[in-house]
Amino acid sequence: MKKIKTSSLSASLTKATRLGMNKKSITRLLTCLYLFFVSASTMAAEDISADAMLAMKASERLLLDVRTVEEYTKAHIPTSVNIPLSEIETNLTRLSDFKNSPVVVYCRSGVRAGKAIALLEDNGFTNVMHLEGDMMGWETENRPTNKLGN
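Here's a quick rundown of the structure. (Residues numbered from 1 in each chain as written. Predicted model: local features only at pLDDT ≥ 70, side-chain atom pairs only at ≥ 80, totals over all residues. Heavy atoms only, no water.)

**Section: the side chain of His76**
Considering the arrangement of structural elements, one finds His76 in the loop between helix H4 (69-74) and strand S3 (80-82). Here Tyr72 takes part through its backbone oxygen, which lies 2.9 Å from a polar atom of the side chain of His76. Residues contacting His76, with those up to four places away along its chain left out, are Asp65, Arg67, Tyr106, Met135, Thr145, Asn146, Lys147 and Leu148. (Helix = DSSP H or I, 4+ residues; strand = E, 2+ residues; numbered from the N terminus. Polar contact = N/O pair within 3.5 Å; in protein donor to acceptor, adjacent residues only side chain to side chain. Contact = heavy atoms within 4.5 Å.)

**As for the pattern of salt bridges**
The full count for this structure, using the stated rule, is 4 salt bridges. Among the ionic pairs, Asp51 bridges to Arg143, the shortest N-O distance being 2.8 Å. One end of the pair, Asp51, is in helix H3 (residues 50-55); the other, Arg143, is in the segment after helix H7 (134-140), and 92 residues separate them in sequence. On the basis of relative accessible area, Arg143 is assigned to the partly exposed category, the value being 21%. Several salt bridges share partner residues, and in doing so they unite Asp51, Glu141 and Arg143 into one network. (Salt bridge = Lys/Arg side-chain N within 4 Å of Asp/Glu carboxyl O. Buried < 20%, exposed > 50% of the residue type's maximum accessible area, 1.4 Å probe, protein only.)

**Considering the packing of aromatic side chains**
All told, the structure shown has 0 aromatic pairs when counted by the stated rule. One Lys or Arg, Arg143, reaches over the ring of Trp138 and ends 5.4 Å from the middle of that ring. (Phe/Tyr/Trp six-rings, centres within 6.5 Å; stacked < 30°, edge-to-face > 60°. Lys NZ or Arg CZ within 6 Å of the ring centre and 35° of its normal.)

**Here's the deal with the pairing of strand S2 (residues 62-65)**
Of the two faces of S2, the one lined by Leu62 and Leu64 and the one lined by Leu63 and Asp65 are each fully buried. Looking at chain direction, S2 and strand S4 (residues 103-106) are connected through 4 bridges and run parallel. From the neighbouring strand, Asp65 faces S4, where its bridge partner is Tyr106. Where S2 and S3 come together, 3 bridges link them in parallel fashion. (Pairing = 2+ DSSP bridges.)

Here you go:
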């Protein structure tokens, strides 16, 4: 990793100050850039639209719901399999048949899906995608859901 000279960093900060940026706004900018790059690396998987996912044969892909069992019971996307995020790691063997097949992951809003995607990719899954809009988007579009129990 290349070391940054303190004098060049000071010079850059001085230039930014002359352009009307104070230390607080520079810090905010750097924090935003850092968070952007960290979140981008965490969720490297490609988004897939609901229509594109539905165009895939259900037998040739895994639709993985990583929400809690309670959330899944209330409503889930037909053909999805529920493995809560907290149980993904202990179920990697069960999922191993899909290491090179399309795996479409969703949760309620995308946060847990991002974590599950990173975990799957770290364990050798090569074709992991994120369902655009997750469950909230699915329901907003009034797409069909299945319910278990009541």
